[in-house]
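Remarks on the overall topology
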Amino acid sequence: MAGGITESGEPYSPFVGLVYMFNLIVGTGALTMPKAFASAGWVVSIALITFLGCMSYMTTTFVIEAMAAANAQLRWKRREQEEVDDSDSTSEYSDDDVMGRGRSEPETKPILSIQRSGGHVDHFDIVERVEMGQMASMFFNKVGLNMFYICIIVYLYGDLAIYAAAVPISLMEVACGNHSCSAGSVKYNDTDPCWGSVTRKDAYRVFLSIFTVMLGPFTFFTAQKTKYLQILTSLMRWIAFTMMIVLALIRIGKGTGEGHPPAASLAGVPNLFGVCVYSFMCQHSLPSLVTPISNKKHVGKLVLLDYVLILGFYVLLSFTAIFCFKSSLLHDMYTLNFTDNCHVLNIPFLRYFLGLFPVFTISTNFPIIAVTLRNNWKTLFYRDGGTYPWVVDRVVFPLITLVPPIVVAFCTHNLESLVGITGAYAGTGIQYIIPASLVFYARRHLEPVVGRDAVNKHRSPFRHSFWVWFVWLWAAFCLMFVTANIILTDTKK
């Protein structure tokens with residue numbers, strides 16, 4: 001996320017880009033959404049998730065516009081440098097000419113003049129992958145850049161804590177859960193026995209320790225996804241989600257659904273907000289997703305279609321869940337509702353498949369996020385020309401990356417709260433504040449050079465500055481609302 005400019009990667013079609021974006025957004029957050037829907041009520045939930053989906057789409061278009069602006073600035077800088085080099089190469093023939101030219105020409109040359117001289121070249125083409133960290137360094141001042149990295153780091157810590165808790169929970173439920181056909185009506189406590197005198201909480205921590213030992217070392221090295229691993233995890237994700245939706249629909253169609261969710265419950269709104277924000281998160285990975293698309297002519301329509309599909313998918317998954325299961329029996333990890341209820345699924349293999357589904361898919365992402373967080377820490381403290389001592393580079397940074405989320409996971413495995421807090425705070429920054437700030441300062445930064453007549457072909461449909469201020473105000477309101485709710489909740493306790 002915090003990297004610099006890299007090649008766009010192997011190009012792919014717009015359809016493949018749509019699939020990649022869908023797979024990126026629909027992840028762990030979707031599994032925690034049904035319980036959040038049940039807590040807030042179905043009317044409130046559908047209204048809030050629709051609104052937040054629209055807000056996320058708006059800020060996604062902001063990031064794409066900022067990417068195009070960053071590409072334009074890079075081309076302008078490169079062209080300007082070429083002209084300076086050409087000027088230096090002729091200086092030995094006429095120093096007076098160079099001095100005169102330096103006094104008569106402006107310090108910067110408008111992109112429009114370069115674009116006209118370059119023929120068909122459009123400087124707003126997105127052909128170089130400029131990550132969000134690079135865009136922040138181009139358009140933000142030092143304070144803004146540091147705030148950007150802090151926000152990214154906090155979000156990644158939350159991500160790691162969620163993943164570190166989700167895998168041991170799934171393993172604990174499979175190892176300790178009662179898989180008889182009457183288990184669906186049982187609500188387990190952490191103090192309930194698992195193996196003799198070993199409680200469920202103890203078993204969770206045992207699995208967390210194993211998870212840490214097995215995947216933690218990847219933080220000290222370089223881990224990368226492979227194409228085939230991505231295909232495999234995507235296939236498993238689609239099988240699992242489709243299976244859960246179909247099974248819930250079958251049960252509801254037979255009239256045996258047990259869910260009777262309320263229409264509205266304001267007490268569940270703050271957590272639902274955090275879950276929804278987290279579940280629409282993709283802005284930080286847009287440069288890697290959008291840049292390789294071969295034909296970006298209709299990328300705006302592509303993104304809109306993706307958001308419509310994702311919104312429909314979330315509503316379908318959550319609504320079938322809240323009307324199929326009692327609200328009090330919905331798990332933080334929705335897959336677990338199918339592992340202990342034979343009335344819904346009585347095939348042992350499929351029950352274990354759904355129970356272990358988060359283990360396989362989440363475990364492959366944990367090392368990637370850990371390495372990304374480690375690199376962000378390094379970039380935050382990086383100084384030009386400086387290098388880190390071996391101990392700091394290979395030991396300290398990996399440890400400060402790995403230890404905090406594991407400690408959080410040891411202290412709590414309440415996934416709904418972890419997702420809610422991560423989405424409400426760091427998610428608000430990444431999904432609202434940073435995209436709005438990037439597009440705002442990108443426009444201000446390029447206008448003196450580009451001129452008012454230049455048109456960014458990837459500009460957001462929400463091009464008026466009102467929408468930027470609206471996003472900023474909405475983000476401020478969200479942060480105050482969530483903070484006030486947490487304070488009031490703690491006061492009541």
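Residues numbered from 1 in each chain as written. Predicted model: local features only at pLDDT ≥ 70, side-chain atom pairs only at ≥ 80, totals over all residues. Heavy atoms only, no water.

As named in an unreviewed UniProt entry, the chain is Transmembrane protein 104, taken from Labrus bergylta. Note on the chain: under the UniProt heading Subcellular location (unreviewed entry), the record states "Membrane". UniProt annotates the chain under Sequence similarities (unreviewed entry) with the comment "Belongs to the TMEM104 family." (UniProt positions renumbered as here; feature names shortened; annotations may be inferred.)

Within the chain, the secondary structure is distributed over 17 helices and four strands. Taking all 493 residues of the chain together, the buried fraction comes to 52%. Put simply, 87% of the contacts in the chain that link residues at least 6 apart link residues at least 24 apart. As displayed, the chain has an accessible area near 23000 Å², and 64% of this comes from carbon and sulfur atoms. (Helix = DSSP H or I, 4+ residues; strand = E, 2+ residues; numbered from the N terminus. Buried < 20%, exposed > 50% of the residue type's maximum accessible area, 1.4 Å probe, protein only. Contact = heavy atoms within 4.5 Å. Areas by Shrake-Rupley, 256 points an atom, 1.4 Å probe, with all protein chains shown as cover.)

Attention now moves to the state of the cysteines. Going through the model one piece at a time under the given rule, you end up with one disulfide. Between the sulfur atoms of Cys176 and its disulfide partner Cys194 the distance amounts to 1.8 Å. Residues Cys176 and Cys194 are joined through a disulfide that is left-handed, its torsion about the S-S bond being -75°. A residue pair is termed long-range when its members are at least 10 positions apart, and Cys176 in helix α7 (residues 142-176) and Cys194 in strand β3 (residues 193-195) qualify at 18 residues. (Disulfide = S-S within 2.5 Å.)

Residues Trp42, Val43, Ile252 and Phe323 make up a contiguous nonpolar surface patch of roughly 300 Å² in combined accessible area. Among the secondary structure elements, Trp42 is positioned in helix α3 (residues 42-89). (Patch = residues over 30% accessible without salt bridge, like charges linked within 9 Å, V, L, I, M, F, W, Y side chains within 5 Å. Salt bridge = Lys/Arg side-chain N within 4 Å of Asp/Glu carboxyl O.)

Scanning the model with the defined rule gives 34 aromatic pairs in all. Between Phe22 and Phe313, the ring centres sit 5.8 Å apart and the planes meet at 70°, which makes this aromatic pair edge-to-face. Linking Phe22 in helix α1 (residues 14-25) with Phe313 in helix α12 (residues 299-324), this pair joins segments that are 291 residues apart in sequence. Across this residue pair, the class does not change: Phe22 and Phe313 are buried. Taking the centre distance of 6.0 Å and the plane angle of 85° together, the rings of Trp467 and Phe470 count as edge-to-face. Of the two residues, Trp467 and Phe470 both sit in helix α17 (residues 465-492), three residues apart, roughly one turn of that helix. The exposure class of Trp467 is partly exposed, given its relative accessible area of 28%. (Phe/Tyr/Trp six-rings, centres within 6.5 Å; stacked < 30°, edge-to-face > 60°.)

Quick look at the pattern of salt bridges now. Scanning all chains against the criterion turns up eight salt bridges. In this structure, the salt-bridge partner of Arg78 is Glu128, at a minimum N-O distance of 3.2 Å. On the criterion of sequence distance, the pair formed by Arg78 in helix α3 and Glu128 in the loop between α5 (111-117) and β2 (129-130) is long-range, its members being 50 residues apart. Linking Lys457 and Asp125 is a salt bridge whose minimum nitrogen-to-oxygen distance equals 2.2 Å. Taken together, the residues span a long stretch of sequence, with Lys457 in the loop between α16 (426-450) and α17 and Asp125 in the loop between α5 and β2 at a distance of 332 residues. Residue Lys457 is classed as partly exposed on the basis of its relative accessible area, which comes to 46%. Judged by relative accessible area, which is 25%, Asp125 ranks as partly exposed. One salt-bridge network, in which partners are shared between bridges, spans Lys378, Asp393 and Arg394.

A few words now on the side chain of Gln73. Residue placement: Gln73 occurs in helix α3. A relative accessible area of 6% places Gln73 in the buried class.

This brings us to the nonpolar core. Grouped burial of nonpolar side chains is what soluble globular proteins tend to show. Among the nonpolar cores identified, the biggest contains 145 residues, and Ile49, Met135, Phe139, Phe273, Tyr314 and Tyr334 are the most heavily contacted of them. A per-element tally of this core places α7 first, with 18 residues. Not counting residues within four places of it along the chain, the set of residues in contact with Ile49 comprises Met33, Phe37, Cys276, Phe280, Leu311, Tyr314 and Val315. (Core = buried A, V, L, I, M, F, W, Y, C linked by side-chain atoms within 4.5 Å.)

We now examine α1. When the terminal C-alpha atoms of α1 are compared, their 17 Å separation across twelve residues agrees well with the 16 Å that a helix rising 1.5 Å per residue should span. Listed in full, the buried residues belonging to α1 are Gly17, Leu18, Met21, Phe22, Asn23 and Ile25. (Expected span 1.5 Å × (residues − 1).)

In this section: α7. The first and last C-alpha atoms of α7 sit 51 Å apart over 35 residues, in line with the 51 Å expected at 1.5 Å per residue. Here α7 lies mainly inside the structure; 25 of its 35 residues are buried. Sitting at the head of α7, Asn141 places a side-chain oxygen 3.3 Å from the backbone nitrogen of Val143. (Polar contact = N/O pair within 3.5 Å; in protein donor to acceptor, adjacent residues only side chain to side chain.)

α12 packs onto α1 with a crossing angle of 40° between their chain directions and a minimal axis gap of 10 Å. Judged on the interaxial angle alone, α12 and α1 are oblique. Here the hand of the crossing between α1 and α12 comes out right-handed. Only Leu302, Val303, Leu305, Asp306, Tyr307, Leu309, Ile310, Phe313 and Tyr314 of α12 make contact with α1, whose side of the interface consists of Pro14, Gly17, Leu18, Met21, Phe22 and Ile25. Classifying every residue of the contact of α1 with α12 gives 13 nonpolar, one polar and one charged. (Axes fitted to C-alpha atoms, helices over the stretch in contact; angles between N-to-C directions. Parallel < 35°, antiparallel > 145°, perpendicular 65-115°, else oblique. Left-handed = near helix turned anticlockwise from the far one by under 90°. Nonpolar A, V, L, I, M, F, W, Y, C, P; charged D, E, K, R; others polar.)

Quick look at the environment of Tyr334 now. Within the secondary structure, Tyr334 sits in the loop between α12 and α13 (348-380). When sequence neighbours within four positions are dropped, the list of residues in contact with Tyr334 reads Leu31, Pro34, Met244, Ala248, Leu317, Ala321 and Phe325.

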